[in-house]
Amino acid sequence: MNPVALHVLYSTDIRRSRRRLLLLLCRRLVIELVKDLYYHDWRVPRARGIVIAVRASGDVLARSKEDLAAYYPELQRRILFDGT
């Protein structure tokens with residue numbers, strides 16, 4: 001999620017950033033899924049983490065820089081402690 005938040009803060013073209021981030025997250029999903037399967041971790045925790053990031057990325061990208069400062073720490077807490 002940190003790369004997504006950084007794009008909101010520093011990107012000059014959010015539409016382009018959204019496309020690039022989607023490709024990045026899809027690539028990461030494949031990589032993490034392969035790692036989970038290789039290690040016989042059938043709960044696929046790495047891949048699930050990327051799915052959570054993909055679902056939350058649209059909400060993060062839709063926020064303004066000012067709104068993100070208040071929202072993002074709470075999102076991180078939810079992801080770390082609730083898994084949502």
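Up top you'll find the structure we're talking about.
As a starting point, this report considers the structure included with it. Quick caveat, the model's predicted, so the values are computed rather than measured.

1. As for the packing of helix 2 (residues 14–38) against helix 3 (residues 45–61)
- Where helix 2 contacts helix 3, the axes come no closer than 8 Å and their chain directions differ by 170°. Considering the angle they form, helix 2 stands roughly antiparallel to helix 3. Contacts between helix 2 and helix 3 involve I14, R18, L21, L25, R28, L29, E32, L33, K35 and D36 from the former and P45, R46, A47, I50, V51, A53, V54, S57 and L61 from the latter.
- The residue inventory of the contact of helix 2 with helix 3, partitioned by class, reads 12 nonpolar, one polar and six charged.

2. Some words on the packing of aromatic side chains
- Tallied over the entire structure, the rule returns one aromatic pair.
- Judged by centre distance (5.1 Å) and plane angle (80°), the rings of Y38 and Y39 are edge-to-face. For the pair formed by Y38 and Y39, the shared burial category is exposed.

3. Topic: the nonpolar core
- The biggest cluster of nonpolar side chains holds 11 residues, and these are V4, A5, V8, L21, A56, V60, L61, L68, Y71, Y72 and L75.
- Elements represented by at least two residues in this core include exactly helix 1 (2–10), helix 3 and helix 4 (65–82).
- In terms of residues, this core owes the most to one element, helix 4, which gives four residues.
- Not counting residues within four places of it along the chain, the set of residues in contact with L75 comprises M1, A56 and V60.

4. Overview of the environment of A47
- One can find A47 in helix 3.
- Residue class for A47 comes out buried when judged on its relative accessible area of 6%.
- Considering only alpha carbons, one finds A47 and R77, 30 residues apart in sequence, at a separation of 19 Å.
- Those residues in contact with A47 that sit more than four places away from it in its chain are L29, E32, L33 and D36.

5. Notes on the side chain of D36
- In this fold, D36 is placed in helix 2.
- If we ignore the near neighbours within four places in the chain, the residues touching D36 are D41, V44, P45, R46 and A47.

Reading the values: rules and limits
Residues numbered from 1 in each chain as written. Predicted model: local features only at pLDDT ≥ 70, side-chain atom pairs only at ≥ 80, totals over all residues. Heavy atoms only, no water. Axes fitted to C-alpha atoms, helices over the stretch in contact; angles between N-to-C directions. Helix = DSSP H or I, 4+ residues; strand = E, 2+ residues; numbered from the N terminus. Parallel < 35°, antiparallel > 145°, perpendicular 65-115°, else oblique. Contact = heavy atoms within 4.5 Å. Nonpolar A, V, L, I, M, F, W, Y, C, P; charged D, E, K, R; others polar. Phe/Tyr/Trp six-rings, centres within 6.5 Å; stacked < 30°, edge-to-face > 60°. Buried < 20%, exposed > 50% of the residue type's maximum accessible area, 1.4 Å probe, protein only. Core = buried A, V, L, I, M, F, W, Y, C linked by side-chain atoms within 4.5 Å.

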